[in-house]
Every structure is written in structure tokens, then in C-alpha cells.
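The lines below spell out each chain.
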Amino acid sequence: VTNAGASTAEQLRLREDRVFLVLTIVVGVLAGLSAVLFSLGIDFTSRHLFGLAPSSTQLFLVPVLMSIVTGVLLARVFPDVRGSGVPQTEAAYHLGGGHIPARVGLGKFLTGVLCIGSGHSMGREGPSVQIGASVASTVGRWLKISPRRARDLVPVGAAGALAAAFNTPVAAVLFALEEIIGDLNAPLIGSTVIASVSSVIVERSIMGNEPLFHVPTYHLVHPAELGAYAVLGIGGGIVSIVFCKLLLSLRRLFQQLPARTRILQPAMGGLVIGVVLIFVPAVMGVGYEYVDQALNGGLLLKTMALLCVVKLAATTISYASGNAGGIFAPSLYIGAMAGGTVGALVHAYAPFPTAEPGAYALVGMGTLFAGIIRAPMTSVFMIFEITQDYQILVPLMLANMLSFFISKRYLPTPVYHELLRQDNVHLPAPGVHLGLSAKTARHVMRPDPPFVAPDDTVDAALRALVEEESPALLVGSRDQPVACVSREELDRLVAAGRGREPIGSAVAASSVHVHPDHALDVVLERLREASGGALPVVSRFDVRRVEGVVTLETLLGTTAGRRTLS
Amino acid sequence: VGPSFLRNPPLTAELVHREIVKLLVLVACAVVAFFATRAFADASRTAGLRDAERWFIIGQAHLDQGEVQRSIEAFRRATLKDRTNRTYGLALARAEARAGQGEAAERTLLTLRDGAPEDPRINLELARAASRRNDVPAAVRYYHHAVYGVWDTGGGPEQVRLELIQFLLRHDERRLALAELLAATREPAAGADDDVRFGQLFLDAGEPRRARDHFERALRVESRLPDALAGAGIAAFRLGDYRGAAQYLRTVPDDNRTAREAREIATLVLASDPLEGRLAPAERRRRLMDGLAYARRRLEACQGGTADTLAPEVGEFEHRLSRRDAGDRDTLEDGVDLVYRATRAFEACGAPSALDRAWLLIGERHGAAS
């Protein structure tokens with residue numbers, strides 16, 4: 001019976017591998033279809049809301065009125081689908097075991113179509129990624145595959161959706177690895193490739209084999225042009241920083257508004273966008289037709305400069321006000337306009353022969369993508385897949401890398417991660433991968449520590465600690481702890497005659513914390529920084545939620561062989 | 001030893017069966033979703049094509065009203081909505097060229113050409129763009145692509161070749177033009193008008209003999225065709241057949257300046273040449289005396305340089321001739337040569353008159369120029 005059982009288990013494991021292979025194809029197809037449908041839905045909505053040549057009244061009223069509708073949907077029905085969808089997908093993959101409810105996908109589809117179709121300056125790729133990942137996650141759960149496999153399906157679905165949304169299969173695979181998983185060497189590369197290919201096959205069989213942009217063949221005309229491309233790379237890095245900072249500041253401002261205004265915030269964004277569209281309708285929606293024009297040299301210098309600035313402002317307002325849509329397409333748009341502007345100037349004034357401004361617009365797209373999204377490999381391959389031309393690769397790589405490093409230097413946390421931080425979600429730092437046997441904060445923490453109010457005395461806090469037999473306690477409310485204090489620290493305060501003092505004033509407030517997956521060396525380092533001799537262990541999904549405390553005693557208890565967490 | 005269900009084969013089989021059923025359901029869902037999405041995409045594409053057509057019509061209307069910039073915007077939207085329709089792209093390029101945006105027009109055309117390098121309309125527009133910036137090699141290359149492209153309608157390549165020939169002649173590329181002309185006239189012309197056109201081009205290319213052939217062929221079809229008569233007359237004039245020229249040009253209206261001048265000069269040549277055939281000796285002497293008297297008067301009015309040395313020579317020849325008969329050919333030829341040289345000397349004193357030009361031609365006709 002034992003041998004038979006083991007053999008059956010092995011067969012089931014093999015079976016699950018095969019099922020997973022089939023699933024990657026099916027998920028790729030479904031994610032591709034969802035992305036195509038999403039794109040068609042946006043076109044359909046836009047066509048029916050604006051018509052062929054919209055009047056000023058339409059341009060103003062449509063975003064406002066539709067934002068009121070989406071505001072209600074986003075506040076009452078689908079509260080988790082604001083913004084891009086890429087950071088949420090990353091969070092689901094890294095922190096939520098790949099769990100993305102079907103409701104999220106459906107909500108993102110509906111609100112995304114309404115927001116982008118009604119003229120908000122946002123992209124369709126980010127939402128496509130989340131919709132694709134949601135499809136994958138839902139399918140995985142429905143088939144009841146193992147949790148590990150279900151989690152693996154998230155980047156597979158994301159790659160499939162992005163491949164179809166942008167018609168760039170290689171870039172989609174790289175994006176899934178580089179951005180979603182955070183590791184270009186991830187073992188999921190095969191699955192993402194399969195999903196990406198099956199998705200692109202589906203997309204091309206429906207939409208035809210037309211590339212997203214029609215770009216003439218560009219190449220480096222003169223070696224001195226590399227200098228001009230370097231300037232573009234530096235400029236792109238600066239514009240990326242401006243975009244990210246403005247987006248994050250505006251979003252923080254909206255978040256600081258009273259909670260009851262959340263339902264109206266998208267409409268506030270819609271109001272601004274409505275006014276902008278009256279004067280500059282070219283920034284409406286995804287705006288790829290204007291990117292195409294910039295790539296083909298169809299826009300004047302002044303127009304490109306104006307569109308670069310207005311699109312940047314419009315996108316930050318649309319996004320920060322809580323509408324559903326991404327920053328992927330806007331970053332390409334702003335990049336194309338910024339690149340085209342630089343290109344037109346270089347073409348007019350450089351003392352050496354140069355390529356057309358369209359070549360700079362093309363490189364500019366990759367530059368802003370590398371600076372904002374921080375996926376330099378994806379950006380290089382994406383532009384390469386668009387142009388299918390090796391000639392532009394060298395200037396592209398040069399400008400992309402410069403933009404990437406400048407952006408990274410002055411904005412260390414990528415914008416997607418910073419957006420999650422604003423939502424109190426802390427993703428693990430890139431490159432942090434723990435082995436299964438490694439000890440982390442989860443293993444050394446004391447769960448469910450006691451809380452005391454800041455106006456309780458030090459004596460009362462010490463009593464609570466003794467009663468709970470806890471090595472440390474937290475000062476403040478469960479939603480907002482302000483300090484973490486160890487028993488040794490309390491003993492020291494009592495010995496110093498400060499037992500009657502309110503604990504809130506006796507101990508210094510501290511924001512130092514660790515997450516459950518932090519390695520022990522990080523815990524030790526942070527413990528040294530902590531003023532109260534103890535560290536709160538907080539959830540990555542919500543940094544306001546305390547899961548436990550770590551002190552030197554709990555740490556030594558573990559290293560001495562005593563388990564503090566069963 | 002594993003979960004309990006592994007020791008229960010019927011339960012395992014049921015799980016596997018359920019898994020297969022679910023996968024099949026998923027595949028079925030994907031197939032249905034595929035066809036539904038494709039139907040939606042087709043509807044969307046049709047709507048997009050309709051929008052493109054509407055933008056094209058709007059663009060044409062703007063163009064007709066002279067609002068070129070607005071027409072460019074409309075055509076551009078049409079091309080973005082329907083990339084496959086090259087008519088929209090061509091309309092955009094033409095509007096851009098009309099707005100003086102030559103570079104943009106050429107970029108639009110080159111983008112179009114990337115998708116359809118064999119399209120003669122695109123190549124023709126590119127050739128015209130190159131000709132506007134006087135880039136002869138590029139223009140010739142694109143004209144050739146247009147000539148050898150795939151034409152939907154008949155007559156296209158011939159028209160393009162004629163345009164190419166005219167372009168080459170404008171840029172003084174006579175040899176290239178002649179080569180194109182020879183290629184164009186491999187097949188007999190379709191009618192008198194075509195022969196006249198070819199004759200005119202041969203004339204412009206410096207081939208009066210072939211030109212006259214075409215004009216005469218046209219006259220055989222329509223004997224009173226004014227352009228053919230004028231062309232044949234001018235061709236004959238250039239070939240030195242002044243009698244034929246005068247005959248062809250006799251009825252040509254005066255509004256054709258070249259023909260009128262040719263007729264006048266040809267008539268003067270015929271009336272002034274002492275060596276013209278079938279003339280009485282007295283008439284030859286009179287013509288030569290008239291020529292010498294004219295030359296002397298002109299030399300007297302034109303002081304300095306060669307004129308000063310030639311004037312006594314003409315006077316002396318006139319004097320010699322007045323005392324004896326001019327019946328021998330050598331004397332006549334010497335006289336013609338002298339009048340020719342005197343006429344050459346007038347050139348320094350102003351534009352030649354019709355008679356001057358006639359005497360120059362008489363001199364050339366009888367080898368005085370050599």
C-alpha cells in the first residue's frame with residue numbers, strides 16, 4: 001500500500017505539471033482575449049461617447065459625468081481597482097499567494113473601459129495586466145491546483161495580457177519577469193513564454209498582424225548623434241523623476257482629503273481633465289495615434305513640447321484622483337513627445353547630420369519607460385519589437401540606461417512600489433529571495449503582543465507586560481502603534497523613578513519595523529536602531545497591522561533552540 | 001504515505017475526471033470567447049473604416065475650400081483609422097506638399113512605400129517630391145519604379161514616362177530624355193495627338209529628324225493639324241530644309257512665336273541666299289550685292305573690333321563685284337563667306353535681326369562656318 005501510495009503521489013505530481021502546462025496555454029489565450037476585449041471596449045466607449053469630432057461641451061462633460069459614475073463604482077462596488085493594476089498584481093504575487101478575486105478583474109475591466117474611454121489620460125496596459133492576472137488566478141482557484149502553482153499563474157496571466165495589449169511577446173515575458181516577479185532568472189520563464197506566444201497568436205488572429213506603431217527605419221546617421229541621444233537619456237531621466245514625484249505628491253494630497261470625498265475624487269480629476277481636453281484634446285485617453293504621428297515626424301516641435309507637458313500633468317491628475325487606468329501608455333506618450341522635441345531641436349541646430357525627429361521620439365519612448373516603470377530590459381526589447389530594427393538599438397540602450405540610472409539615483413524606490421507604500425503595502429526589496437530553510441522575523445517574533453494607551457503610566461505598562469508574559473508591548477492603538485518597548489526598557493524606566501510618567505512621553509516614538517519575511521541579519525540591524533529595545537513585526541500587505549514583536553530575548557530564545565512560534 | 005484519498009483509487013479517478021472536465025470547460029469557454037471577441041473586433045474594425053472614410057471626405061472638403069492645414073489633420077486621422085487604404089495616405093502626402101511641408105510629405109510617402117514598394121502612385125508622388133527639390137537621380141529612380149509598377153488602369157506607365165521625359169528635359173538631361181523617348185516610342189503612337197507630343201519631345205531633346213517623322217505621321221492622319229504643321233516646320237527648319245519649313249509654316253497662326261520666327265527666317269534665307277538652286281546669274285549677283293550692302297551698312301553702324309577691319313574688305317569686295325560679272329561660284333562663295341563673317345561681327349553690337357540670322361544660316365548652309 002505504501003509503495004502504491006507513493007507511486008500515485010508521484011503520478012499526481014507529474015499530472016499537475018502537465019495540467020499546469022495546458023493551463024499556461026489556456027490562461028495565455030484567455031488573458032490575451034481579455035486584453036483585446038478591453039482595448040476594443042475602450043475604443044467602443046470612446047467612439048460612442050465622443051463621436052467623430054467632439055464639441056467642446058462633449059469634451060468637458062463626458063469625463064466629468066463618467067467620472068461620477070466610475071467614482072461610485074470605485075468607492076462602493078470595486079474598491080480595489082483604482083489606478084494601474086501592475087502594483088496590485090505585484091502585491092498579490094509577492095504577498096497574497098497570487099490571490100486576485102474575479103471581482104477585481106471584472107471591476108478593473110468595467111471601470112477601466114469607462115475611465116479611459118471617457119477621455120482620462122491613462123493607459124490600458126496596466127489594467128490589462130491586472131485583468132489577465134485575475135483571470136489566471138481565478139482559473140487556478142477554480143481548478144483547485146496547489147497554492148504554489150496558483151501563485152505562479154499570476155505572472156503567466158500578466159505576460160499573456162501584456163503581450164496581447166502591446167503586441168510585443170518578448171517584452172511581455174521580460175516585463176512579467178522583471179517587474180512582476182522581480183527576477184529575470186525566475187524558473188517561470190518557460191510558462192510566461194508559452195502564455196505570451198499563445199496570447200499573441202490569438203491577438204493577431206483577431207486584430208491582424210499590424211504592429212501597434214508604423215515606424216520608418218531609423219538608424220544612427222552620425223557617431224556624434226550618440227551625444228544627442230545621451231542628452232535625451234538625461235532629459236528623459238529628469239522628466240521621469242518629475243512625473244513620478246508629481247504623481248506621488250498629488251496622490252498623497254488626494255489621500256489626505258477626508259474619506260467621504262473618495263467617492264467624488266475621480267470626478268474632481270474628471271473636471272480638470274474636461275477643461276484640459278477643451279484646449280488640448282490630443283491628450284485624451286491612451287493617445288497612441290499621436291505617438292504614431294510623433295514617430296513618423298508628423299508633429300511640429302511646439303506641438304510635441306506642449307503635448308509632453310500637458311500629457312504629464314493630465315496623467316498625474318487622472319491617476320492621482322483615483323481613476324482606473326495605467327501609466328504604461330502615458331509614459332510612452334510623454335517619452336515620444338519629449339524625444340521628438342529633442343530630436344526636432346537636434347535636427348534643426350546640430351552641426352552634424354542627424355536622424356529624423358521620429359528616431360528620437362522612438363528612443364524617447366523607451367527612455368521614459370525605463371525611467372518611470374524602471375524595467376530597462378523590457379523597454380529596450382519593447383522598442384526593438386516595435387521597430388524590428390537593430391540599427392536604433394545602440395542609441396536606445398544608451399539613452400535608456402542613462403534615464404534608468406538617473407531616475408534610480410534620485411528616486412530610489414520604483415514608482416509602482418512607492419504607490420503601494422502609499423497604500424501601506426510594503427513589497428520585498430528586489431533581489432530578496434529567501435530559501436525555505438532560512439530563519440526570518442516570523443520565526444523569532446512573539447505573536448499578538450499587548451497594547452497600552454500612550455497616557456497609561458510606565459508602571460501600568462509593566463504590569464500588563466508581566467500579566468501577558470510578553471517580552472515587549474506596543475504603545476498606541478492597534479491601527480496606529482507609535483512605539484515598541486521591551487521589558488528591559490520598562491524595568492530601566494521604573495528603576496529611574498519614572499514609573500508614574502505616561503508611557504507615551506517616557507519612550508520615544510519610532511517607525512522602525514520589520515516584516516515577517518525579513519532575514520535575521522536585517523532584524524538584528526533594525527533592533528540596534530530601535531530605541532525601545534524591541535521591534536514591531538508588521539504585515540507587508542498593511543503596515544498598520546502588527547503581527548508580533550521581536551526583542552533580543554525572543555531572538556536568543558530561538559537561536560538557543562527554544563521555539564517562540566509553534 | 002500520502003493523503004488518504006491516494007489509498008482510495010475510485011476517489012483519485014473521480015478527482016482526475018473532474019479536472020479533465022474542468023479543463024475541457026475552460027477550453028470551450030476560450031473558444032466561445034475567441035469567436036465573440038473576433039465578432040466584436042470585426043464590428044469595431046468596420047466602424048473604424050467608416051470613420052476613416054468620413055475623415056477622408058472631411059479632408060477633401062477642407063482641401064476644396066483651400067483649408068489645407070485642416071485637410072491635413074483630417075487626412076491624418078483617416079490614415080490612422082485605416083492604415084491599409086493608401087488613397088488616404090496619398091491624399092495626406094499631397095496635402096502636405098501643397099502646404100509646403102515637403103519633408104513631411106516625403107516621410108508620409110516613404111512610410112506608405114514601406115508597406116507597398118510596388119505601388120506606382122506612391123512612387124510617382126515620391127518622384128514628384130524629389131523633382132521639387134531638384135534631386136534628379138532620386139526622381140529618375142522613383143519615376144522608373146512608377147513606370148514599372150503594377151498599374152490598375154491602362155495608360156499609366158506611358159503618362160509617367162512622358163512626365164519623366166519632361167522632367168529630364170527641364171533639367172537638361174537630354175541624353176537620358178532621349179533614351180526614355182526611344183523607349184516610349186517603341187510602340188506606334190495611339191493617335192495624331194500622341195505623335196505630335198512625341199515629335200515635340202524629340203524636338204526638345206535635339207532630335208529634329210525623329211521629331212519631323214512623328215509630325216509628318218500625325219499630318220498623314222490629320223493634314224491640317226496646326227501643332228503638327230508647326231512642329232514639322234520647326235523640325236524642317238532645324239534640319240536646314242528651309243523650303244520645307246516655309247511650306248509647313250505657311251498656314252501656322254502668328255500666335256505661335258517660334259513657328260512665326262522660323263517662318264520669317266526661312267523665308268529670308270530662301271529670298272537672300274545667292275547660292276540657292278535654279279537662280280539666274282543676275283539674280284545671284286543681285287542677292288550677293290544686297291547682302292554686301294546690308295553688311296556694309298551694319299558694319300558702319302557697328303564701330304570697333306573686327307567690324308573696323310571687315311568694313312574696308314566688304315567695300316572693296318562690293319567695288320570689285322560692281323566692275324565684273326559674279327557668275328563664277330567661287331566669287332559667290334567668297335561673297336557669302338564675307339557676309340557671314342560680317343554678320344558674326346555684328347553680334348557684338350546687339351541682338352541679331354531676322355536678316356542677320358538668315359545670313360548666318362546661309363553661311364552655315366554653305367560651309368562658311370567651317
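Residues numbered from 1 in each chain as written. Chains lettered and ligands numbered in written order. Predicted model: local features only at pLDDT ≥ 70, side-chain atom pairs only at ≥ 80, totals over all residues. Heavy atoms only, no water.

(A) Seen up close, the overall build of chain A. When helices and strands are tallied, chain A shows 23 helices and six strands. Rg of the C-alpha trace for chain A: 26 Å, near the compact-globule value of 24 Å for 566 residues, within the 12% margin. Each of the three principal axes of chain A carries a C-alpha extent, and together these read 80 × 65 × 50 Å. In chain A, the share of contacts with a sequence separation of at least 24, taken over all contacts with a separation of at least 6, comes to 78%. Total accessible area on chain A is roughly 22500 Å²; 62% of this is exposed by carbon and sulfur atoms. (Helix = DSSP H or I, 4+ residues; strand = E, 2+ residues; numbered from the N terminus. Rg over C-alpha atoms; globule rule 2.2 N^0.38 Å. Contact = heavy atoms within 4.5 Å. Areas by Shrake-Rupley, 256 points an atom, 1.4 Å probe, with all protein chains shown as cover.)

(B) View of empty space enclosed by the protein. Residue and element names in this part refer to chain A. Inspection of every chain in the model, using the stated rule, returns one cavity of 30 Å³ or more. In this structure, the largest cavity occupies an estimated 40 Å³ of space. The wall of the largest cavity is formed by Arg82, Gly83, Ser84, Pro87, Gln88, Arg251, Tyr319, Leu419, Leu420 and Asp423. Elements with a minimum of two residues in the lining of the largest cavity: helix 3 (86-94) and helix 17 (415-422). (1 Å grid on protein atoms, 1.4 Å probe; cavity = no way out; pocket = protein on both sides within 12 Å on 5 of 7 lines; lining within 4 Å. Points joined across faces, edges and corners; volume = space filled by probe spheres on them.)

(C) Fine view of the packing of aromatic side chains. On inspection of all chains with the given rule, the structure shows 16 aromatic pairs over all chains. Arranged with centres 6.4 Å apart and planes meeting at 85°, the rings of Tyr294(B) and Phe346(B) form a pair that is edge-to-face. Taken together, the residues span a long stretch of sequence, with Tyr294(B) in helix 14 (residues 281-301) and Phe346(B) in helix 16 (residues 329-346) at a distance of 52 residues. Here Tyr294(B) matches Phe346(B) in class, with each residue buried. Within the aromatic cluster, the residues linked to one another by ring pairs are Phe166(A), Phe175(A), Phe213(A), Tyr288(A), Phe328(A) and Phe369(A). We note Lys311(A) situated over the ring of Tyr333(A); from NZ or CZ to the ring centre the distance is 4.4 Å. Cation over ring: Lys22(B) sits above Trp142(A), and NZ or CZ is 5.3 Å from the ring centre. (Phe/Tyr/Trp six-rings, centres within 6.5 Å; stacked < 30°, edge-to-face > 60°. Buried < 20%, exposed > 50% of the residue type's maximum accessible area, 1.4 Å probe, protein only. Lys NZ or Arg CZ within 6 Å of the ring centre and 35° of its normal.)

(D) Fine view of the side chain of Thr168(A). Take Thr168(A): it is sitting in the loop between helix 6 (147-166) and helix 7 (169-181). Look at Thr168(A) and you get buried, because its relative accessible area is 3%.

(E) A look at unusual backbone geometry. All names here are of chain B. Phi is positive for Asn134, close to 55°, though the residue is something other than glycine. Its location among the elements puts Asn134 in the loop between helix 5 (120-132) and helix 6 (136-147). Even without a glycine there, the phi angle at Asp172 is positive, about 60°. Mapping Asp172 onto the fold places it in the loop between helix 7 (156-170) and helix 8 (174-184). Judged by relative accessible area, which is 55%, Asp172 ranks as exposed.

(F) Examining the interface of chain B and chain A more closely. Across the contact, 36 residues belong to chain B and 44 residues belong to chain A. Contact between chain B and chain A buries roughly 3700 Å² in total, counting both sides, with carbon and sulfur atoms accounting for 66%. One salt bridge in this structure joins Glu289(A) and Arg77(B), with 3.6 Å as the shortest N-O distance. Among the elements of the structure, helix 1 (9-64), helix 2 (68-81) and helix 4 (102-115) of chain B are those that each provide at least two residues to the side of chain B that touches chain A. (Buried area = accessible area lost by both parts, 1.4 Å probe. Salt bridge = Lys/Arg side-chain N within 4 Å of Asp/Glu carboxyl O.)

(G) Geometry of the environment of Gly298(A). Structurally, the position occupied by Gly298(A) is in the loop between helix 11 (288-295) and helix 12 (301-320). Residue Gly298(A) is classed as partly exposed on the basis of its relative accessible area, which comes to 21%. Dropping the residues within four chain positions of it, Gly298(A) is found in contact with Gln293(A) and Arg76(B).

(H) Fine view of the sheet that holds strand 4 (residues 481-486) of chain A. All names here are of chain A. Taken together, the three strands give an open sheet; going across it, the order is 2-3-4, and neighbouring strands pair in mixed fashion. The outermost strands of the open sheet, each flanked by one partner alone, are strand 2 (451-452) and strand 4. As paired elements, strand 3 (residues 472-476) and strand 4 share five bridges and run antiparallel to each other. Residue pairing for strand 4: Leu473 is matched across the bridge by Val485. Against the sheet, helix 20 (residues 487-495) contacts strand 3 and strand 4, and its axis sits at roughly 80° relative to strand 4. (Pairing = 2+ DSSP bridges. Axes fitted to C-alpha atoms, helices over the stretch in contact; angles between N-to-C directions.)

(I) Inspection of the packing of helix 14 of chain B against helix 15 (residues 306-323) of chain B at higher detail. All names here are of chain B. Where helix 14 meets helix 15, the axes come as close as 9 Å, and the angle between the chain directions of the two elements is 150°. Between helix 14 and helix 15, the angle falls in the class roughly antiparallel. With respect to the hand of their crossing, helix 14 and helix 15 are arranged in left-handed fashion. In this structure, helix 14 uses Arg285, Leu288, Met289, Leu292, Ala293, Arg296 and Leu299 to contact helix 15, whose residues at the interface are Ala307, Leu310, Ala311, Val314, Phe317, Glu318, Leu321 and Ser322. Tallied by class, the residues present in the contact of helix 14 with helix 15 amount to 11 nonpolar, one polar and three charged. (Parallel < 35°, antiparallel > 145°, perpendicular 65-115°, else oblique. Left-handed = near helix turned anticlockwise from the far one by under 90°. Nonpolar A, V, L, I, M, F, W, Y, C, P; charged D, E, K, R; others polar.)

(J) A look at the pattern of salt bridges. All names here are of chain A. Under the criterion given, the structure shown has 47 salt bridges over all chains. The residue Asp152 makes a salt bridge to Arg148 at a minimum N-O spacing of 3.9 Å. A residue pair is termed a helical-turn pair when its members lie 3 or 4 positions apart in one helix, as Asp152 and Arg148 do in helix 6 at four residues. Relative accessible area serves as the criterion here: at 54%, Arg148 is assigned to the exposed category.

(K) Seen up close, the packing of helix 9 (residues 225-256) of chain A against helix 13 (residues 328-349) of chain A. Residues and elements named next belong to chain A. The interhelical angle for the contact between helix 9 and helix 13, taken along N-to-C directions, is 145°, at an axis separation of 10 Å. By crossing handedness, the relation of helix 9 to helix 13 is classed as right-handed. On helix 13, the residues that touch Ala228, Leu232, Val239 and Phe243 of helix 9 are Ile334, Ala338, Gly339, Val342 and Val346. A class-by-class count of the residues in the contact of helix 9 with helix 13 yields eight nonpolar, one polar and no charged.

(L) How the structure looks around helix 10 (residues 265-279) of chain A. Residue and element names in this part refer to chain A. An ideal rise of 1.5 Å per residue puts 21 Å on 15 residues; helix 10 measures up with 22 Å between its terminal C-alpha atoms. Of all the residues in helix 10, the buried ones are Gln265, Pro266, Ala267, Gly269, Gly270, Ile273, Gly274 and Leu277. For helix 10, the secondary structure elements touched by its buried residues are helix 2 (56-77), helix 9 and helix 12. (Expected span 1.5 Å × (residues − 1).)

(M) A look at helix 13 of chain A. End to end, helix 13 of chain A covers 32 Å across 22 residues, agreeing with the expected 32 Å (1.5 Å per residue, within 8%). By the criterion of burial, helix 13 of chain A is predominantly enclosed, with 17 of the 22 residues buried.

(N) View of the sheet that holds strand 6 (residues 546-551) of chain A. Residue and element names in this part refer to chain A. Reading across the sheet, the three strands line up as 1-6-5 and stay open at both edges, with antiparallel pairing between neighbours. Across the chains shown, the open sheet's two edge strands, defined by having one partner strand only, are strand 1 (446-447) and strand 5 (534-538). The sheet contact formed by strand 5 and strand 6 spans five bridges and is antiparallel. Counted as the bridge partner of Leu535 is Val550 from strand 6.

(O) Broad picture of the state of the cysteines. On inspection of all chains with the given rule, the structure shows zero disulfides over all chains. For the unlinked cysteine Cys308(A), the closest cysteine sulfur is that of Cys244(A), found at 13 Å. (Disulfide = S-S within 2.5 Å.)

(P) Looking closely at a nonpolar patch on the surface. Taken together, the side chains of Ile189(A), Val193(A), Val197(A) and Ile201(A) make up a nonpolar region of the molecular surface, amounting to roughly 320 Å² of accessible area. For Val193(A), a relative accessible area of 36% puts it in the partly exposed group. (Patch = residues over 30% accessible without salt bridge, like charges linked within 9 Å, V, L, I, M, F, W, Y side chains within 5 Å.)

(Q) A look at the pairing of strand 5 of chain A. Burial of strand 5 of chain A is extensive: five of the five residues sit out of reach of the surface. Residues Ala534(A), Pro536(A) and Val538(A) of strand 5 of chain A are buried on one face, and the alternating residues Leu535(A) and Val537(A), pointing to the opposite face, are buried as well.

(R) Representation of the environment of Gly350(B). Residues and elements named next belong to chain B. Along the chain, Gly350 turns up in the loop between helix 16 and helix 17 (354-365). By relative accessible area, which is 34% here, Gly350 ends up partly exposed. For the pair Gly350 and Val252, spaced 98 residues apart in the sequence, the C-alpha separation amounts to 29 Å.

(S) Layout of the environment of Thr46(B). All names here are of chain B. By the secondary structure assignment, Thr46 is in helix 1. Given the relative accessible area of 44%, Thr46 is considered partly exposed. Within polar-contact distance, the side chain of Thr46 engages the backbone oxygen of Asp42 at 2.7 Å. (Polar contact = N/O pair within 3.5 Å; in protein donor to acceptor, adjacent residues only side chain to side chain.)

(T) A look at the side chain of Asn167(A). With respect to the element layout, Asn167(A) can be found in the loop between helix 6 and helix 7. For Asn167(A), the residues in contact, after removing those within four places along its chain, are Leu162(A), Val200(A), Glu203(A), Arg204(A), Glu210(A) and Pro211(A).

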